[in-house]
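Residue-level listing of the chains:
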Amino acid sequence: MGLLPWTRDSRIKDEMRVVPPAFFAGHQFSLKGSPRHYDDVLEIIESTGTAHVYFGEALTYERGAGVALWRVRAKEFDWLPALYTWWANMERIEPIQFSFSLYMPGQLNWPVLDLRAQGPEEVEAFIKERAPWVNDESRPSNEKTTWH
């Protein structure tokens, strides 16, 4: 019936429980691009199920310019040709050119590659060669830090 306060509190706690997402192993890298297309790019990256955006920001600032950020873990890169096709189509439809920049973990200040200068096959080979593979064993510990 829900009139008793302890049953209501229990139900609220269950509804508010945060379940962490399943860990996704893969090559870890970041892309930055136009904030205008954040949702479209997110959908393309995750469309095949072989890549996952584990953190994204629709609008962040880099050296005074507004950019979108996608931090990606990818097992495969079958989504990359679809991104290039979509990108060419968007530039055909809209009068504004935009680009994507590739960043590696530990080198987030400057891009390592401009996707406009490379094709999807070259970008895939570059990422597979240089991006770290992150799996479940390399996750940070969930143990609490104790202060002495």
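This text gives an overview of the structure that appears in the document. All values derive from a computational prediction rather than experimental measurement. (Residues numbered from 1 in each chain as written. Predicted model: local features only at pLDDT ≥ 70, side-chain atom pairs only at ≥ 80, totals over all residues. Heavy atoms only, no water.)

## Concerning helix H4 (residues 120–130)
Now for step 1: Listed as buried for H4 are Pro 120, Val 123, Phe 126 and Ile 127. Viewed end-on, H4 has its buried residues packed into an arc of 125 degrees, placing them on one side of the element. Away from its buried face, by an angle of more than 90 degrees, H4 presents the exposed residues Glu 121 and Glu 129. (Buried < 20%, exposed > 50% of the residue type's maximum accessible area, 1.4 Å probe, protein only. Helix = DSSP H or I, 4+ residues; strand = E, 2+ residues; numbered from the N terminus. Arc of directions from axis to C-beta.)

## Looking at the pairing of strand E3 (residues 65–74)
Now for step 1: Where burial is concerned, most of E3 is hidden: seven out of the 10 residues are buried.
Now for step 2: Where strand E1 (residues 26–33) and E3 come together, seven bridges link them in antiparallel fashion. Looking across to E3, one finds that Ser 30 is bridged to Arg 71.
Now for step 3: For strand E2 (residues 51–62) and E3, the ladder comprises nine bridges, and the chain directions are antiparallel. (Pairing = 2+ DSSP bridges.)

## A few points about the side chain of Glu 94
Now for step 1: Looking at the element boundaries, Glu 94 is found in the loop between helix H3 (80–93) and strand E4 (101–103).
Now for step 2: Judged by its relative accessible area of 13%, Glu 94 falls in the buried class.
Now for step 3: Side-chain polar atoms of Glu 94 contact the side chain of Arg 36, separated by 2.8 Å.
Now for step 4: Each residue touching Glu 94, except ones within four places of it in the same chain, is listed here: Arg 36 and His 37. (Polar contact = N/O pair within 3.5 Å; in protein donor to acceptor, adjacent residues only side chain to side chain. Contact = heavy atoms within 4.5 Å.)

## Topic: the pattern of salt bridges
Now for step 1: Scanning the entire structure with this criterion turns up six salt bridges.
Now for step 2: In this structure, Glu 62 and Lys 32 form a salt bridge, with 2.5 Å as the shortest nitrogen-oxygen distance. On the criterion of sequence distance, the pair formed by Glu 62 in strand E2 and Lys 32 in strand E1 is long-range, its members being 30 residues apart. Judged on exposure class, the residue Glu 62 and its partner Lys 32 are both buried.
Now for step 3: Here Glu 124 ties to Lys 128 by a salt bridge, and the two come within 2.9 Å at their closest N and O atoms. Of the two residues, Glu 124 and Lys 128 are both situated in helix H4; the distance of four residues between them amounts to about one turn of the helix.
Now for step 4: Under the relative-accessibility criterion, Glu 124 is labelled partly exposed at 23%. (Salt bridge = Lys/Arg side-chain N within 4 Å of Asp/Glu carboxyl O.)

## Some points on the packing of aromatic side chains
Now for step 1: Scanning the entire structure with this criterion turns up nine aromatic pairs.
Now for step 2: Consider the rings of Tyr 38 and Trp 70, whose centres lie 5.6 Å apart with planes at 10 degrees: the pair is stacked. Residue Tyr 38 is located in helix H2 (residues 38–46), and its partner Trp 70 is located in strand E3; the two are separated by 32 residues in the primary sequence. Considered together, Tyr 38 and Trp 70 belong to a single accessibility category, that of buried residues.
Now for step 3: Counting every residue linked through ring pairs, the aromatic cluster contains Tyr 38, Trp 70, Tyr 84, Trp 86, Trp 87, Phe 98 and Phe 100.
Now for step 4: The lysine or arginine in question, Lys 32, covers the ring of Tyr 103, its NZ or CZ lying 4.4 Å from the ring centre.
Now for step 5: Over the ring of Trp 110 we find Arg 63; its NZ or CZ atom is 3.9 Å from the centre of that ring. (Phe/Tyr/Trp six-rings, centres within 6.5 Å; stacked < 30°, edge-to-face > 60°. Lys NZ or Arg CZ within 6 Å of the ring centre and 35° of its normal.)

That's the geometry; what it means functionally is another story.
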